[in-house]
Amino acid sequence: MDSCVVLILLSSTITLSSTAVSVRLVDGGSRCAGRVEVYRNEQRSRLTGGPHLCSGRVEVLHGKTWYTVCDAAFDLQDAEVVCRELGCGLPVEVLGGAAFGRGEVQVWSGELQCRGNEFRIYSCPTSPSLKHSCSHDSDVGLVCAGYTGARLVNRSDSCSGRVELQYLSDWGTVCDVSWDMRAASVLCGQLECGSAVAVVGSDWFGEGSGQIWADVFDCQGNETHLSQCPISSWSRAACSHKQDAGVICNGSSLALHEGRVQLSGGMECEGEVEVYFRQEWRSVLLDSWSESVASVVCRQLGCGSVFSFSSSSPSSPEHSHMCVTGFNCTGSEAHLVNCNSAQAVSCSSREQLYITCSGKFNSAHSSIRLVGSGGDCAGRLEVFHSGSWGTVCDDSWDTEDAQVVCRELQCGVALSNPVPAQFGPGTGPIWLNEVECEGNETSLWKCRFQECEEDECGHKEDVGVVCS
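Residues numbered from 1 in each chain as written. Predicted model: local features only at pLDDT ≥ 70, side-chain atom pairs only at ≥ 80, totals over all residues. Heavy atoms only, no water.

### Details of the overall build of the protein
To keep it simple, the criterion reads: The way it works is that DSSP assigns letters per residue, a run of H or I at least four long becomes a helix, a run of E at least two long becomes a strand, and they are numbered from the N terminus. Burial classification: accessible surface area is computed with a 1.4 Å probe over protein chains only, and a residue below 20% of its type maximum counts as buried, one above 50% as exposed, and the rest as partly exposed. What makes two residues a contact is simply this: any of their non-hydrogen atoms within 4.5 Å.
In terms of helices and strands, the protein carries 5 helices and 29 strands. The proportion of buried residues among the 468 residues of the protein is 46%. Long-range contacts, defined as pairs at least 24 residues apart, comprise 67% of the intrachain contacts of the protein with a sequence gap of at least 6.

### As for unusual backbone geometry
The phi angle at alanine 98 is positive, at roughly 55 degrees, despite the residue not being glycine. As for its placement among the helices and strands, alanine 98 is situated in the loop between strand 6 (91-95) and strand 7 (106-107). Even without glycine at this site, glutamate 192 takes up a positive phi of about 60 degrees. Here glutamate 192 falls in the exposed class, since its relative accessible area comes to 75%.

### Concerning the state of the cysteines
Defined as follows: Defined by distance alone, a disulfide is two cysteine sulfur atoms within 2.5 Å.
All chains considered together, the criterion is met by 11 disulfides. Each sulfur in the disulfide pair cysteine 175 and cysteine 239 lies 1.9 Å from the other. Note on the cysteine 175 and cysteine 239 pair: the S-S dihedral is about -80 degrees, so by sign convention the disulfide is left-handed. Note that cysteine 175 is positioned in the loop between strand 13 (170-174) and helix 2 (181-190) and cysteine 239 in the loop between strand 15 (211-213) and strand 16 (246-249), a separation of 64 residues in sequence.

### Looking at the pairing of strand 25 (residues 378-385)
Note the following rule: By definition, two strands form a pair when at least two bridges between them are found by DSSP.
With 8 of 8 residues buried, strand 25 is to be regarded as a mostly interior element. With 4 bridges connecting them, strand 24 (residues 368-371) and strand 25 associate as antiparallel partners. Following the sheet pairing, leucine 370 is matched in strand 25 by leucine 381. Taken together, the 3 bridges between strand 25 and strand 29 (residues 464-466) define a ladder with antiparallel strand orientation. Looking at strand 29, one finds that glycine 379 is bridged to valine 465. In this structure, strand 25 lies alongside strand 26 (residues 388-392), joined through 4 bridges in antiparallel fashion. Looking at strand 26, one finds that phenylalanine 384 is bridged to tryptophan 389.

### A short note on the nonpolar core
Going by this rule: Think of a nonpolar core as a cluster: buried Ala, Val, Leu, Ile, Met, Phe, Trp, Tyr and Cys residues, connected wherever their side-chain atoms sit within 4.5 Å.
Phe74, Leu142, Leu165, Trp179, Phe217 and Leu226 are the most contacted members of the largest nonpolar core, which totals 46 residues. Mapped by element, the contributors of at least two residues to this core are strand 4 (55-62), helix 1 (76-85), strand 10 (141-144), strand 11 (147-153), strand 12 (160-167), helix 2 and strand 16. Ranked by residues supplied to this core, first place goes to helix 2 with 6 residues. Residues contacting leucine 165, with those up to four places away along its chain left out, are Tyr147, Gly149, Ala150, Asp170, Trp171, Gly172, Val174, Trp213, Phe217 and Leu226. Counting residues in each nonpolar core, the second largest holds 23 residues, with Leu263, Cys298, Phe327 and Cys339 among its members.

### Considerations on the environment of tyrosine 276
Within the secondary structure, tyrosine 276 is located in strand 18 (residues 270-277). For tyrosine 276, a relative accessible area of 13% corresponds to the buried category. For the pair tyrosine 276 and valine 261, spaced 15 residues apart in sequence, the C-alpha separation works out to 6.4 Å.

### A short note on the packing of aromatic side chains
Keep this limit in mind: The rule is short: rings of Phe, Tyr and Trp, with Trp giving its six-membered ring, pair when the centres are within 6.5 Å, and they are stacked under 30 degrees, edge-to-face over 60, tilted in between. Criterion for a charge above a ring: Arg CZ or Lys NZ at most 6 Å from the ring centre, at most 35 degrees from the ring normal.
Evaluation of the coordinates by the stated rule reveals 2 aromatic pairs. Centre to centre, the rings of tyrosine 276 and tryptophan 281 are 5.4 Å apart; their planes meet at 70 degrees, and the pair counts as edge-to-face. When its relative accessible area of 33% is taken as the criterion, tryptophan 281 is described as partly exposed. Of note, arginine 151 hangs over the ring of tryptophan 171, and the distance from its end group to the ring centre comes to 3.8 Å.

### What to know about helix 1
Selection criterion: Under the rule applied, a polar contact is a pair of N or O atoms within 3.5 Å (in protein, one hydrogen donor and one hydrogen acceptor; residues adjacent in sequence only if both atoms are side-chain atoms).
By the burial criterion, the buried members of helix 1 are Asp78, Ala79, Val81, Val82, Cys83 and Glu85. At the N-terminal boundary of helix 1, the capping side chain belongs to aspartate 75, with an oxygen 3.2 Å from the backbone nitrogen of glutamine 77. Glycine 87 lies just past helix 1 and shows a positive phi near 70 degrees.

### Observations regarding the confidence of the model for the protein
The test is simple: Values of pLDDT, the confidence the predictor places in each residue, fall between 0 and 100.
In this model, the protein carries a mean pLDDT of 77, and residues with pLDDT of at least 70 account for 78%. Here strand 2 (residues 33-39) stands out as the element of the protein with the lowest mean pLDDT, 56, in contrast to strand 5 (residues 65-68), whose mean of 92 is the highest. The model gives residues 1-22 a pLDDT under 50, and that stretch makes 18 contacts with residues more than four places away or in other chains.

### Description of the pairing of strand 5
Here strand 4 pairs with strand 5 via 4 bridges, running antiparallel. When the sheet's bridge partners are listed, glutamate 59 is paired in strand 5 with threonine 68. Connecting strand 4 to the next strand, strand 5, in antiparallel fashion are 2 residues, including glycine 63 with a positive phi near 70 degrees.

### Looking at the pattern of salt bridges
Note the following rule: Whenever Lys or Arg places a side-chain nitrogen within 4 Å of a carboxyl oxygen from Asp or Glu, that contact is recorded as a salt bridge.
On inspection of all chains with the given rule, the structure shows 12 salt bridges. Across the pair glutamate 59 and arginine 46 runs a salt bridge whose closest N-O atoms are separated by 2.7 Å. With glutamate 59 in strand 4 and arginine 46 in strand 3 (residues 45-52), this residue pair connects regions lying 13 residues apart in the sequence. Note that glutamate 436 is salt-bridged to arginine 448, the shortest N-O span being 3.4 Å. Here arginine 448 lies in strand 28 (residues 448-451) and glutamate 436 lies in strand 27 (residues 430-436), a separation of 12 residues in the sequence. On the basis of relative accessibility, which here comes to 37%, the residue glutamate 436 falls in the partly exposed class.

### Topic: the side chain of threonine 68
For threonine 68, the location among the structural elements is in strand 5. Polar contacts involving the side chain of threonine 68 include one to the side chain of aspartate 139, which spans 2.9 Å. In this structure threonine 68 touches Arg57, Val58, Glu59, Gly103, Val105, Gln106, Val107, Trp108, His136 and Asp139, once residues within four positions along its chain are discounted.

Printed below as a string of structure tokens:
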């Protein structure tokens, strides 16, 4: 049977406009009987004059004519429908006063009255006329999220990798010239991976393929989603996949030791600087940022401020291992890993950084805290070490160790035997393992302990302490 004779059993007449693109019959037992359903897939809204398809002046199609919309006649519910119709995620901001310029088409005299759950503008009720006059000076603008997905790829865990964002239906990489630690921290939080430890280049997680997004995200760092960050420019000039940005969040196993520093030579606050960079200990070369780098190193080690810095003996040609250079520090950072632009280079015959800090090692600089209970005297034990907070593994942990923690926090005595991850698993590094206290020490740092090696403990073994 090549065709159907359609009997429309309705009490009123149906008119199919020229904009309908498909018709079907359903629930009738065959393709030639049933309830008539019409699908209309035309786009009746657009954003113009903005930096990209998901940001700009709102224009709606009424009949065969495009119109701008008055800012007094457009609310968040209308914005939700426009962003949804354009495949641009959620609305970020509705802007009045011709924020994206004055339109060149007519100003619509009607008013949208969307409920916010419609999929397309044509499904929204409208009122025939505005309650007051409106000019192009009041053209409404809209900023949608645009990027509807984010991920970190090319790494065994989901909290470090090459940055990829989804724009409409396309995934693309991010140009590193438009990406910084604040944007990275927002992304890490959005992915439930904590905060950013480092922004790295394509030599870490490889080059991507396809689209390259060059948006500059002007994040403050405290946003919960990248869509909340203003976008200041839209240009793909001078970007290639060799500039694909990568991020390491503190929820990644890569972050356990990355950025730790030590001074070789046997003294706590004087020696040649070595940094754990890209999974290896490397010497730091003397370069134009050395004084700032030295200040950060002294602070991170708890050794006060920098007293002096100089060059150490250059590596011999036959001992040309890899060094690190190019730390772009301001000098105010708490941790060397927060300094951007470092890179691994050959040490061959190049001077390396030797520093002397102003003070002796101050164990009080590496403080402790109990978190996760809502109070100060019970919770998951965390210690501040090498510039960041981390947890303690429960191997060999006992009541004597807990007594020292309670005493140091002025919280009385330890009340209960330790239960692994009693206050939930932590994130980031696990600093200490095999802690052995006599019970009479005034600080946990006066007890014997081992620094936890990567993969030696998991966060399911994080120590919890309950004091009186």
